[in-house]
Amino acid sequence: MVTLKDQRDRIESAKADLASRTTSATSADRLVTVTVDAKNSLVGMKFHTTMYRSMPPEQLSKTLIETFERARREMADTVVEVFGPLMDQRADLRAAMTGTTEVDKAFAPLWNEAPSDVFGGRRD
């Protein structure tokens, strides 16, 4: 089982890894590339042509929003990739902290039958 300190260190490492990452998406018409960071903040936008100058505002807006959303989805996938391995361990830690591990379940009948002064009362 992973210790709380080990888990904290892994989480901090994953956070540092994500803090240095960005993800970019380019619109289908190759008009613009949008870059987001791990907090889903817009950190860059690059227009590849001047076509945006003659686009209807609604079309430009739609292109920007769709491209930003694609970049956000890609960054979400990256976050899952980085934190995914930690999620299984999180369940183990939660079980240990709440007394619901397999060992706790195995000993539950004994704890429930023990006098109240042994464990300070029932454990369930």
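Everything numeric in this text was worked out from a predicted model, so none of it was measured. (Residues numbered from 1 in each chain as written. Predicted model: local features only at pLDDT ≥ 70, side-chain atom pairs only at ≥ 80, totals over all residues. Heavy atoms only, no water.)

The next thing to look at is the overall build of the protein. If you tally the helices and strands in the protein, you get four helices and three strands. Ordered by position in the sequence, the α and β elements of the protein form the string α-β-β-β-α-α-α. Looking at the protein as a whole, 24% of its 124 residues are labelled buried. For the protein, restricting intrachain contacts to residue pairs at least 6 apart in sequence, the fraction spanning at least 24 positions comes to 52%. Carbon and sulfur atoms provide 55% of the accessible area of the protein, an area that totals close to 8,700 Å². (Helix = DSSP H or I, 4+ residues; strand = E, 2+ residues; numbered from the N terminus. Buried < 20%, exposed > 50% of the residue type's maximum accessible area, 1.4 Å probe, protein only. Contact = heavy atoms within 4.5 Å. Areas by Shrake-Rupley, 256 points an atom, 1.4 Å probe, with all protein chains shown as cover.)

Another aspect to go through is the nonpolar core. Within the largest apolar cluster, nine residues are counted, these being Ala25, Leu31, Val32, Val34, Val36, Met55, Leu60, Ala71 and Met75. When contributions to this core are tallied by element, the ones reaching two or more residues are strand E2 (32–37) and helix H2 (57–98). Residues contacting Leu31, with those up to four places away along its chain left out, are Lys46, Phe47, His48, Thr49, Met51, Tyr52, Met55, Leu60 and Thr63. (Core = buried A, V, L, I, M, F, W, Y, C linked by side-chain atoms within 4.5 Å.)

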